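Descriptive structure summary
Below, each chain spelled out in residue letters.
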Amino acid sequence: MYKVFIVDDEMVVRVGLKSFVDWESLGYLFAGEAGNGEDALVACKEIKPDVVLVDLKMPKMDGMEFIKALLLEQPDVKIVILSCVDEFDILQQALRLGIKDYFLKLSFSPEQLAKILKKLKNELDLQSKNQIAAIEKLESLKDVAIARENFFKNLIAVQTDKIPPSSDSQISINSETCKNAFILLISKDLRFEDPAAKVLGSSSRKFTIINLISEILSKDFKCDVMEIKTDIFMAICGSDEEIDFKMVYGNVNEIQNSLLRIMNYSVSIAVNLSCNCCENFYHAYQQCTRALQQKFYEGHKSIIFYDGERDSAEENKNFTPPRDIESKVQHELEYFEFDKARQIVLDIIDQTAKDRNWVPVNFKKYFPEIINSWYRMYRHLNPDFTAGADISNPYLHMEYLDTIGDLRQWFLEYVSSIEILVREWIKTSKVKTEIELAKKYIEDNYNKNININHVAGLVGYNSSYFSHLFKKETGEGFSDYLSRVRLNNAFKLLRETSYNIYQISEMVGYNDVAYFRKQFTHFHHKSPSKCRESE
């Protein structure tokens with residue numbers, strides 16, 4: 001049954017309509033009523049009626065405002081005007097909006113309304129039938145598209161070269177009878193997507209993309225288009241004429257622009273014109289796949305034509321990365337030289353982008369080994385830390401980094417997140433207390449042969465981390481601080497005692513009097529002798 005809703009500010013009209021019409025016998029269900037346009041609009045959003053009977057003159061929101069607002073939300077709803085004789089001008093405006101019918105309240109009869117409702121029911125029945133037919137047709141087309149997709153996926157899986165006739169009577173390969181055929185691979189530009197937040201495309205979006213690509217290509221070629229992996233589409237295109245490069249490029253460029261303009265869907269496209277892909281399907285597919293990998297260097301929205309010479313050179317690449325890169329990065333991180341460690345890796349990325357001396361897939365395998373140093377550093381400092389996969393497993397991200405530019409951007413964000421964790425941990429640890437203990441120890445033992453390894457061990461840190469913390473908390477390095485304490489005490493001894501310079505040198509921790517004289521003069525801007533003379 002179809003739902004009816006009544007909107008009229010006169011209760012007697014609403015009661016009369018409800019009471020004098022046999023709704024069920026006409027194929028309707030009375031779904032609700034309202035006395036003004038505002039209340040009616042709220043109710044209709046929830047009820048979603050098929051037919052609305054509405055008065056034109058009402059408080060709060062009149063009939064015309066209500067009709068316009070309702071049609072914006074429910075454009076298929078059927079509206080019948082409840083009119084008075086003096087509303088002809090307003091009625092004309094309403095009819096221009098597509099109102100289905102009207103009747104005069106003053107001459108109301110159940111038979112007249114029943115006649116209108118029967119006519120609307122016929123329209124609703126036809127509309128429903130057409131919708132069902134459209135859905136069935138769409139499902140049928142989807143079934144064919146899915147069957148074709150599975151057919152080609154199977155050819156790829158079993159590495160078939162010559163495209164055989166399909167055993168499924170539903171599938172016809174449009175390009176298989178053509179003298180010449182070529183292959184396209186259309187890949188979404190992921191643009192540095194977070195794998196944890198990645199949302200797979202809906203079925204409707206997928207078929208919209210397939211239809212759009214097909215519509216463009218079919219103007220010049222016989223074609224079959226299907227999705228072979230999530231967000232990677234393949235097109236097999238054929239022609240009895242010689243394949244024209246400019247025509248292909250024009251089609252490919254139009255695909256890119258149309259997908260971006262209509263669907264905000266950016267793609268890169270690889271094209272293989274090197275052989276008839278119907279006769280050498282798997283071979284052509286593999287070549288096109290390797291061409292598509294060059295998007296790593298070419299960037300987003302790239303168009304890459306398969307180049308046999310470049311492909312041979314790629315296969316022969318056996319680039320070996322410098323062995324000491326990881327140790328260099330590790331060394332800088334041990335001393336918390338984040339900028340230097342980061343620059344080592346950035347130099348590798350930038351040089352690789354320039355030289356293109358890596359097969360992209362191999363570079364993606366190697367790269368996480370370098371940057372794991374940041375995570376290992378933090379785990380060493382804070383063994384109790386439990387990281388999510390986005391931090392602990394950089395390998396997880398490599399699949400979603402389309403280009404070397406994406407990889408560079410992600411690297412900077414990744415190491416920045418680790419460095420923030422390190423700094424936050426330093427803030428929340430008992431650093432200040434431990435540094436104060438270290439300073440107290442230096443002030444009590446400056447006359448002894450002490451060094452950073454010894455003092456760091458006393459407060460429970462390795463020397464490199466302690467050096468970083470000490471400088472951060474005091475504003476000067478450990479050696480500078482120790483020298484300052486020794487030399488200030490030497491100045492005091494020179495002024496207040498009669499010990500000779502050699503004795504004072506030993507008393508403040510210097511075994512080499514010549515070195516002591518040099519350090520003292522540099523720090524106090526006068527020699528020990530001058531200092532004593534000016535007493």
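Preceding block: the structure.
Note that this is a predicted model, so its numbers are computed, not measured.

With that settled, consider the overall build of the chain. Scanning the chain for helices and strands turns up 23 helices and ten strands. Within the span of the chain, comprising 535 residues, buried residues form 46% of the whole. Residue pairs in contact within the chain that sit at least 24 positions apart in sequence constitute 69% of those at least 6 positions apart. In the form shown here, the chain has an accessible surface area of approximately 28,200 Å², with 50% of it arising from carbon and sulfur atoms.

Next up on the list: the nonpolar core. Counting residues in hydrophobic clusters, the biggest one holds 65 residues, and the most contacted among them are Val-329, Val-345, Phe-367, Trp-374, Phe-411, Phe-466 and Phe-516. Not counting the four nearest positions on each side in its chain, Val-329 is found in contact with Ala-341, Ile-344, Val-345, Ile-370, Ser-373 and Trp-374. Among the nonpolar cores identified, the runner-up in size contains 26 residues, and Ile-216, Cys-237, Val-267 and Val-271 belong to it.

With that out of the way, let us pick up the packing of helix α11 (residues 325–334) against helix α12 (residues 338–355). Relative to each other, α11 and α12 sit at 160 degrees, their axes nearing to 7 Å. One way to sum up the angle between α11 and α12 is to call them roughly antiparallel. α11 and α12 meet at a crossing whose hand is left-handed. Only Phe-338, Lys-340, Ala-341, Ile-344, Val-345 and Ile-348 of α12 make contact with α11, whose side of the interface consists of Ile-325, Lys-328, Val-329, Glu-332 and Leu-333. Classifying every residue of the contact of α11 with α12 by side-chain character gives eight nonpolar, no polar and three charged.

In spatial order, the strands read β7-β8-β6-β9-β10; together these five strands make up an open sheet with mixed pairing. Pairing within the sheet leaves two strands with one partner each, and these edge strands are β7 (222–229) and β10 (303–305). The mean inter-strand angle of the sheet, taken between neighbouring strand axes irrespective of direction, is 20 degrees. Relative to strand β8 (residues 232–239), β7 is paired through seven bridges, and the arrangement is antiparallel. For Lys-222, the partnering residue across the bridge sits in β8 and is Gly-238. Relative to the sheet, helix α7 (residues 245–263) contacts β6 (180–188), β9 (267–272) and β10, its axis offset from that of β9 by approximately 160 degrees. Helix-sheet contacts for helix α8 (residues 281–293) involve β6, β7, β8, β9 and β10, and the interaxial angle to β6 is about 40 degrees.

A separate point is α7. If you check α7, its first and last C-alpha atoms are 27 Å apart, about what 19 residues at 1.5 Å a residue would give, namely 27 Å. Buried residues of α7: Val-248, Asn-251, Val-252, Ile-255, Gln-256, Ser-258 and Leu-259, and no others. Count one or two residues on from α7 and you reach Asn-264, which has phi positive near 50 degrees.

A word on the pairing of strand β2 (residues 28–34). Direction of pairing for strand β1 (residues 2–7) relative to β2: parallel, over a ladder of six bridges. Bridging across to β2, Phe-5 finds its partner in Gly-32. For the crossover that starts at β1, traverses helix α1 (residues 11–20) and ends in the parallel β2, the hand is right-handed.

A few words now on unusual backbone geometry. Positioned with a positive phi, Lys-48 is a non-glycine residue whose angle comes to about 50 degrees. Its place among the elements puts Lys-48 in the loop between α2 (37–47) and β3 (51–55). Residue class for Lys-48 comes out partly exposed when judged on its relative accessible area of 48%. Of note, Lys-60 is a non-glycine position whose phi angle comes to about 65 degrees, a positive value.

A few words on helix α22 (residues 513–524). Taking 1.5 Å as the rise per residue, α22 with twelve residues should run 16 Å; its terminal C-alpha atoms sit 16 Å apart, in good agreement. Among all positions in α22, only Phe-516, Phe-520 and His-524 are buried. Buried residues along α22 cover an arc of 35 degrees about the axis, so they all sit on one side. For α22, the exposed residues set more than 90 degrees away from the buried face come down to Lys-518 and His-522. Tucked into the core, α22 has its buried residues touching α20 (478–496), α21 (501–507) and α23 (528–533). For α22, the N-terminal cap is Asp-512; the gap from its side-chain oxygen to the backbone nitrogen of Ala-514 is 3.1 Å.

For Glu-227, the location among the structural elements is in strand β7. In this structure Glu-227 comes out as buried when scored by relative accessible area, which is 12%. Apart from the residues lying within four places of it in its own chain, the contact partners of Glu-227 are Glu-149, Lys-153, Lys-206, Ile-210, Ile-232 and Phe-233. Separated by 2.9 Å, the side chain of Glu-227 and the backbone nitrogen of Asp-231 make a polar contact.

About the thresholds
Position numbers for residues start from 1 in each chain and track the written sequence from start to end. The predicted nature of this model means local features are confined to residues of pLDDT at least 70 and side-chain atom pairs, given and counted, to a pLDDT of 80 or more, with totals for whole chains, interfaces and linings taken over all residues. Just so you know, side-chain values use all the structure's heavy atoms and leave hydrogens and water out. Only DSSP runs of H or I covering at least 4 residues are called helices, and only runs of E covering at least 2 are called strands; the numbering of each starts at the N terminus. The rule is simple: take the accessible area with a 1.4 Å probe, protein chains only, and divide by the maximum for that residue type; under 20% is buried, over 50% is exposed, in between is partly exposed. The criterion used for residue contact is that any of the two residues' heavy atoms lie within 4.5 Å. In short, Shrake-Rupley with a 1.4 Å probe defines the accessible areas, and a residue's cover is counted only from the protein chains shown. In these notes, a set of buried Ala, Val, Leu, Ile, Met, Phe, Trp, Tyr and Cys residues joined through side-chain atoms within 4.5 Å is what counts as a nonpolar core. Structural elements are reduced to axes, namely lines fitted to C-alpha atoms, with helices fitted over the stretch in contact, and the angle between N-to-C directions of any two is expressed from 0 to 180 degrees. For classification purposes, angles smaller than 35 degrees are called roughly parallel, those larger than 145 roughly antiparallel, those between 65 and 115 roughly perpendicular, and all remaining angles oblique. Crossings are classed by handedness, with left-handed meaning an anticlockwise turn of the near helix from the far one by less than a right angle and right-handed meaning a clockwise turn. Throughout, the ten residues Ala, Val, Leu, Ile, Met, Phe, Trp, Tyr, Cys and Pro are labelled nonpolar, Asp, Glu, Lys and Arg are labelled charged, and all others, Gly among them, are labelled polar. What makes two strands pair is DSSP finding at least two bridges between them. Every helix has an expected span of 1.5 Å times one less than the residues it contains. A crossover counts as right-handed when, viewed with the strands pointing away from the observer, the path leading from the first strand over the helix to the second turns clockwise. The arc in question is formed by the directions pointing from the helix axis toward the C-beta atoms. Contacts described as polar in this section are N or O atom pairs within 3.5 Å, which, within protein, must combine one atom able to donate a hydrogen with one able to accept it, while residues neighboring in sequence count only if both atoms come from side chains.

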